[in-house]
Amino acid sequence: MPSKLSTDFSNAEPSGFDTIPDGTEVPVIFKVQAGDIEDGCIKVGKTGSLMLNLEATVTGGKYAKRKVFFGFYMGREDGELTDGQQTAVDMSRSKLRSILEAARGVSATDETPAAIKARAIKSWRDLDGLECSVILGVEEGTGTFSDKNVLKRVVGVGKENKAAQEAGATASASKAAAKKGW
């Protein structure tokens, strides 16, 4: 039975959302996307892969309110990893460490007890609400998939944080860290 609603969207406005240009620095706030396990934070794929998916909302500047989605490969349900999969896990853990350091005001070279504590989480939900600046890249789409933004790198503590300045951010990452009790 055909739908009573029109299925021709030719007259609808285009979405107007192209990817944010490669190399653009933007301030973001993270939110953990729904998953299947680990407090509903880790998604289990059809092949047993484990993914942590984060939504990053741009908090200021020209691209404010835009959302970008990042996937972090966390391993496999059965724990069996090839060398390539282990490399992917290590890369994901490294990016997550960078996010924690930037959001909590910790330098990558700081090995004090406070810095070590700031890099630890008790739950994946601890990533909700973290704020920092990131540099976006663009991954070219293949087949029917469009181009998409990817996390190129996290702007670390002590680095020029142009996006946060342009967005009018006045609170430092260390104030946020103190507020959270790191």
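Everything that follows concerns the structure shown earlier in this document.
To keep things clear, this report deals only with the structure shown in the data block. (Residues numbered from 1 in each chain as written. Predicted model: local features only at pLDDT ≥ 70, side-chain atom pairs only at ≥ 80, totals over all residues. Heavy atoms only, no water.)

### Re the pairing of strand β1 (residues 25–32)
Within β1, six of the eight residues are buried, which leaves it mostly tucked inside the rest of the structure. Note: β1 against strand β5 (residues 131–139), five bridges, orientation antiparallel. Across the sheet, I29 pairs through a bridge with E131, a residue of β5. (Buried < 20%, exposed > 50% of the residue type's maximum accessible area, 1.4 Å probe, protein only. Helix = DSSP H or I, 4+ residues; strand = E, 2+ residues; numbered from the N terminus. Pairing = 2+ DSSP bridges.)

### Topic: the side chain of R104
In this structure, R104 sits in helix α1 (residues 83–104). Despite its burial, R104 pairs with no opposite charge, the nearest such side chain being D126 at 5.0 Å. Reaching out from R104, the side chain makes a polar contact with the backbone oxygen of A120 at a distance of 3.0 Å. (Lys, Arg positive; Asp, Glu negative; His and termini not counted. Salt bridge = Lys/Arg side-chain N within 4 Å of Asp/Glu carboxyl O. Polar contact = N/O pair within 3.5 Å; in protein donor to acceptor, adjacent residues only side chain to side chain.)

### Points about the layout of surface pockets
Of the voids in this model, the second largest pocket is the one considered here, and its volume is about 250 Å³. Along the wall of the second largest pocket there are 14 residues; nearest its centre are G71, F72, K95, V150 and L151. When contributions to the lining of the second largest pocket are tallied by element, the ones reaching two or more residues are β4 (67–76), α1 and β6 (148–154). When residues in the lining of the second largest pocket are grouped by element, the largest group, five residues, is from β4. Its residues placed into classes, the lining of the second largest pocket shows eight nonpolar, three polar and three charged. (1 Å grid on protein atoms, 1.4 Å probe; cavity = no way out; pocket = protein on both sides within 12 Å on 5 of 7 lines; lining within 4 Å. Points joined across faces, edges and corners; volume = space filled by probe spheres on them. Nonpolar A, V, L, I, M, F, W, Y, C, P; charged D, E, K, R; others polar.)

### Some details on the packing of aromatic side chains
Under the defined criterion, the tally for this structure stands at one aromatic pair. Ring geometry for F30 against F70: centres 6.5 Å apart, planes inclined by 50 degrees, an arrangement best described as tilted. With a gap of 40 residues between them, F30 in strand β1 and F70 in strand β4 connect regions that are remote in the sequence. (Phe/Tyr/Trp six-rings, centres within 6.5 Å; stacked < 30°, edge-to-face > 60°.)

### Focus on the nonpolar core
Soluble globular proteins tend to pack their nonpolar side chains together in the buried interior. Counting residues in each nonpolar core, the largest one holds 30 residues, and the members touching the most others are F30, L52 and I99. Elements with a minimum of two residues in this core: β1, β3 (49–58), β4, α1, β5 and β6. (Core = buried A, V, L, I, M, F, W, Y, C linked by side-chain atoms within 4.5 Å.)

### Overview of the pattern of salt bridges
Applying the stated criterion across every chain yields a total of nine salt bridges. Between K43 and D36 there is a salt bridge; the shortest N-O distance is 3.8 Å. Residue classification places D36 among the partly exposed residues on the basis of a relative accessible area of 44%. Linked through salt bridges whose partners overlap, the residues forming this network are R97, E101, E111 and R119.

### Comments concerning the pairing of β3
Counting buried residues along β3, eight of its 10 residues qualify, which places the element largely inside the surrounding structure. Pairing between β1 and β3: five bridges, direction antiparallel. Among the inter-strand pairings, V28 is bridged to a residue of β3, identified as V58. Direction of pairing for strand β2 (residues 42–44) relative to β3: antiparallel, over a ladder of three bridges. Bridging across to β3, I42 finds its partner in L52. Linking β2 back to β3 in an antiparallel pair, the connection comprises four residues, with G48 at a positive phi of about 90 degrees. By the bridge criterion, nine bridges tie β3 to β4 in an arrangement that is antiparallel. When the sheet's bridge partners are listed, E55 is paired in β4 with F69.

### A look at the environment of C132
Mapped onto the secondary structure, C132 falls in strand β5. Along the backbone, C132 and V157 are 25 residues apart, and their C-alpha atoms lie at a distance of 9.4 Å. Sequence-distant contacts of C132, defined by excluding residues within four places in its chain, comprise V26, P27, V28, F30, I99, A102, A103 and V154. (Contact = heavy atoms within 4.5 Å.)

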